[in-house]
Amino acid sequence: MTGFAGPPFDYIRDGAEIYRRSFATIRAEADLDGLPPEVAQVAVRMIHACGMTDLVRDLAWSPQVVTRARAALRAGAPVLCDAEMVASGITRRRLPADNEVVCTLNDPRVPELAERLGTTRSAAALELWRDRLEGSVVAIGNAPTALFRLLELVAEGAGRPAAVLGIPVGFVGAAESKLALTRSGLDHLVVHGRRGGSAITAAAVNAIACERE
Ligand SMILES: C/C1=C2N=C(/C=C3N=C(/C(C)=C4\N[C@@](C)([C@@H]5N=C1[C@](C)(CCC(=O)O)[C@H]5CC(=O)O)[C@@](C)(CC(=O)O)[C@@H]4CCC(=O)O)[C@@](C)(CC(=O)O)[C@@H]\3CCC(=O)O)C(C)(C)[C@@H]/2CCC(=O)O
């Protein structure tokens, strides 16, 4: 290989400076002009988690989603996550009320529930959210089936979340489940299409939890 300079490498070692440059780059490259300021602040952190400055074009939101999610968190609402990866990515110290972060995917009852209901473990795990759904902040970053099941539970009257960050990734059901969320009447933030994922979703929760970048 030519042109490769070996160690010592010249790279930035100051974490605060890395963050400052990252966020400045995102704000320079992403087209944030059409977003309300509070949505733009969340979008910047979502882009920071995935490196895709064109993510903005697939973003959709209901007008009050950030305000309502923030108010719910301040009032102590739990954050209900579909995957441990989402739950693990949430920075606990940013949460305003020592909020509970819940992921029921690995509850020992879930495999039997999935078998009985004939669905994925990700969707079956939501059966264990029923008594916590009302007023919660839901963060779905992996499983489209979990988002579909959430909408079914809400339609059945199981409780209405304060806000739903519906950002599952993938090729089967991801785009469709997010479209369904935008038509559900729930306060929502989505990335339309195939893109999404646990890291982007956790970043959205972190941005909503704390207003600073
Ligand atoms: C079909 C599934 C998809 N998974 C994707 C991407 C990733 N999943 C990872 C991991 C570690 C997990 N995925 C599961 C949720 C597992 N994934 C599925 C399911 C089969 C069904 C979900 C659905 O379609 O709605 C699901 C199993 C289930 O029965 O629900 C996971 C539970 C599997 C397991 O380890 O048992 C697990 C979640 C672990 C956790 O709690 O965090 C990946 C890291 C992939 C990998 O392991 O290589 C990756 C993470 C992506 C992310 O950012 O979150 C897809 C692409 C979303 C895919 C669904 C869509 C598709 O295939 O089109």
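- Within an unreviewed UniProt entry, the label attached to the chain reads Precorrin-8X methylmutase, and the organism entered is Thermopolyspora flexuosa.
- Per UniProt, the comment on the chain under Pathway (unreviewed entry) is "Cofactor biosynthesis; adenosylcobalamin biosynthesis."
- Among the UniProt annotations of the chain, the heading Sequence similarities (unreviewed entry) holds the following wording: "Belongs to the CobH/CbiC family."

## Regarding the overall build of the chain
Next up, step 1: Of regular secondary structure, the chain possesses 9 helices and 6 strands.
Next up, step 2: Relative to the compact-globule value of 17 Å for 213 residues, the chain shows a C-alpha radius of gyration of 18 Å, a close match.
Next up, step 3: Viewed in the frame of its principal axes, the chain has a C-alpha envelope of about 60 × 40 × 30 Å.
Next up, step 4: Every one of the 213 residues in the chain was classed for burial, and the buried ones make up 51%.
Next up, step 5: In the chain, the proportion of contacts linking residues at least 24 apart, taken out of those at least 6 apart, comes to 65%.
Next up, step 6: Accessible area for the chain stands at about 10500 Å²; split by element, carbon and sulfur atoms hold 52% of it.

## With respect to the UniProt feature "domain: Cobalamin biosynthesis precorrin-8X methylmutase CobH/CbiC" (unreviewed entry) in the chain
Next up, step 1: UniProt records the feature "domain: Cobalamin biosynthesis precorrin-8X methylmutase CobH/CbiC" (unreviewed entry) for residues 17–209 in the present numbering.
Next up, step 2: Taken as a whole, residues 17–209 contains 46% helix and 10% strand, while its terminal C-alpha atoms sit 22 Å from one another.

## Some thoughts on the pattern of salt bridges
Next up, step 1: Evaluation of the coordinates by the stated rule reveals 17 salt bridges.
Next up, step 2: Between Glu100 and Arg132 there is a salt bridge whose closest N-O contact spans 2.8 Å. Remark: Arg132 occurs in the loop between helix H6 (121–124) and strand E4 (137–140) and Glu100 occurs in the loop between helix H4 (84–89) and strand E3 (101–102); sequence separation between them is 32 residues.
Next up, step 3: Its relative accessible area of 43% is what places Glu100 among the partly exposed residues.
Next up, step 4: In this structure, Glu156 engages Arg149 in a salt bridge whose closest nitrogen and oxygen atoms are separated by 3.3 Å.
Next up, step 5: For Arg149, a relative accessible area of 15% puts it in the buried group.
Next up, step 6: Sharing partners across several salt bridges, the network here consists of Glu127, Arg130, Arg149, Glu152 and Glu156.

Reading the values: the criteria
Residues numbered from 1 in each chain as written. Predicted model: local features only at pLDDT ≥ 70, side-chain atom pairs only at ≥ 80, totals over all residues. Heavy atoms only, no water. UniProt positions renumbered as here; feature names shortened; annotations may be inferred. Helix = DSSP H or I, 4+ residues; strand = E, 2+ residues; numbered from the N terminus. Rg over C-alpha atoms; globule rule 2.2 N^0.38 Å. Buried < 20%, exposed > 50% of the residue type's maximum accessible area, 1.4 Å probe, protein only. Contact = heavy atoms within 4.5 Å. Areas by Shrake-Rupley, 256 points an atom, 1.4 Å probe, with all protein chains shown as cover. Salt bridge = Lys/Arg side-chain N within 4 Å of Asp/Glu carboxyl O.

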